[in-house]
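# Residue-level structure breakdown
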Amino acid sequence: IPDSAELIYNTNAQNPLTYSANSNTVILTTPSLSITKSATKLSVPIGKSISYIITLKIPPKVVAYNVIIGDTLPAGQNYWGNAKRNFKSVKPIVSGNTVIFPLETVLGPFENEHIVVYSFTAIAESANEPFPELQTNNVYATWDVNPDGPEAPPISTSFGVYVYPEEISRGITLQDIKEQTY
């Protein structure tokens, strides 16, 4: 009777699952999907909009199942609309300050790296002193290595935009605002 065994199961060309009887450890090697975030502006006055761009990269020959892209806006910003996936309008789920794009049931496999671009507009509604306030939001992606799981490790990144009162952008300093009497 053998007292050890090892099994390698390839879910797709780059996702080997290794089961070993020598330990209780299961090793899951997943491909490196990547996510980045940017904005059309690095600073914005209160009351103005910001367009965010999220880029998901899928390596060649990788299949990503049940992909969910979510973005949590910071306090002081709210979803304003104009959500798109690869420049075509989509309807995300918005819950509080979280924007969740529609589920992607299957992405891949592709011969070359594949890029999916998501975008939306938010509005800067408030900021706290000291101005400008750096407001950071977080974007994440979850996905499965097979149609029914298991889930790959989630990926995430963050991006910050400076928000300030519009008066400061007109050449009025914060000191001028503090000294003003009503």
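Residues numbered from 1 in each chain as written. Predicted model: local features only at pLDDT ≥ 70, side-chain atom pairs only at ≥ 80, totals over all residues. Heavy atoms only, no water.

The next point concerns the overall build of the protein. Scanning the protein for helices and strands turns up two helices and 15 strands. Across the 182 residues of the protein, 37% fall into the buried class. Taking all contacts inside the protein whose residues are at least 6 apart in sequence as the whole, residues at least 24 apart take part in 68%. A total of about 10400 Å² of accessible surface is found on the protein, and carbon and sulfur atoms cover 52% of it. (Helix = DSSP H or I, 4+ residues; strand = E, 2+ residues; numbered from the N terminus. Buried < 20%, exposed > 50% of the residue type's maximum accessible area, 1.4 Å probe, protein only. Contact = heavy atoms within 4.5 Å. Areas by Shrake-Rupley, 256 points an atom, 1.4 Å probe, with all protein chains shown as cover.)

Enumeration over the complete set of coordinates arrives at four aromatic pairs. With 5.6 Å between their ring centres and 40 degrees between their planes, Tyr 52 and Phe 120 make a pair best called tilted. Of this pair, Tyr 52 sits in strand β6 (residues 49-58) while Phe 120 is found in strand β13 (residues 114-124), placing the two residues 68 residues apart along the sequence. A relative accessible area of 0% places Tyr 52 in the buried class. For the pair Phe 101 and Phe 120, a centre-to-centre distance of 6.3 Å together with 55 degrees between the ring planes defines the contact as tilted. On the criterion of sequence distance, the pair formed by Phe 101 in the loop between β11 (98-100) and β12 (104-107) and Phe 120 in strand β13 is long-range, its members being 19 residues apart. Overall, the relative accessible area of 2% leaves Phe 101 in the buried class. Judged by its relative accessible area of 1%, Phe 120 is buried. (Phe/Tyr/Trp six-rings, centres within 6.5 Å; stacked < 30°, edge-to-face > 60°.)

What follows deals with the pairing of strand β15 (residues 155-164). With three bridges connecting them, strand β5 (residues 43-45) and β15 associate as parallel partners. Counterpart to Pro 45 in the pairing with β15 is Tyr 164. As defined by bridge partners, strand β14 (residues 133-144) adjoins β15 across nine bridges and the pair is classed as antiparallel. Bridge assignment links Ala 141 to a residue of β15, and that residue is Ile 155. (Pairing = 2+ DSSP bridges.)

Tracing the backbone through its elements, the reader meets Ile 54 in strand β6. Its relative accessible area of 0% is what places Ile 54 among the buried residues. Along the sequence, Ile 54 and Ile 69 sit 15 residues apart, while their C-alpha atoms lie 8.9 Å from each other. Setting aside residues up to four positions removed in sequence, Ile 54 forms contacts with Ile 35, Thr 36, Lys 37, Ile 69, Asp 71, Phe 101, Val 116, Val 117, Tyr 118, Phe 120 and Val 139.

The subject of this paragraph is the nonpolar core. Note on soluble globular proteins: their nonpolar side chains tend to be buried together. Ranked by size, the top nonpolar core spans 33 residues in total, and within it Leu 33, Tyr 52, Ile 54, Leu 56, Ile 69, Phe 101 and Phe 120 carry the most contacts. When residues of this core are traced back to their parent elements, those giving at least two are β4 (34-39), β6, β7 (64-72), β13, β14 and β15. (Core = buried A, V, L, I, M, F, W, Y, C linked by side-chain atoms within 4.5 Å.)

The sheet built from five strands is open, its strands ordered β4-β6-β13-β8-β9 with antiparallel pairing. Whereas interior strands pair on both sides, the edge strands pair on one side only; in this sheet they are β4 and β9 (88-89).

Moving on to the side chain of Thr 121. Within the secondary structure, Thr 121 is located in strand β13. Discounting residues that sit within four places of it in the chain, Thr 121 has contacts with Ser 49, Ile 50, Ser 51, Tyr 79, Trp 80, Gly 81 and Asn 82.

Oppositely charged side chains can form a pair if their charged atoms are brought close together. Considering all chains together, one arrives at three salt bridges under this definition. The closest approach of N and O atoms between Lys 48 and Glu 166, which form a salt bridge, is 3.9 Å. With a gap of 118 residues between them, Lys 48 in the loop between β5 and β6 and Glu 166 in helix α1 (residues 166-169) connect regions that are remote in the sequence. Looking at Glu 166, the relative accessible area reads 25%, which means it is partly exposed. The shortest N-O distance in the salt bridge between Glu 104 and Arg 85 comes to 2.3 Å. Here Glu 104, found in strand β12, pairs with Arg 85, found in strand β8 (residues 77-85); they are 19 residues apart in sequence, far enough to count as distant. Glu 104 sits in the buried class, given a relative accessible area of 10%. The class for Arg 85 is partly exposed, based on a relative accessible area of 24%. (Salt bridge = Lys/Arg side-chain N within 4 Å of Asp/Glu carboxyl O.)

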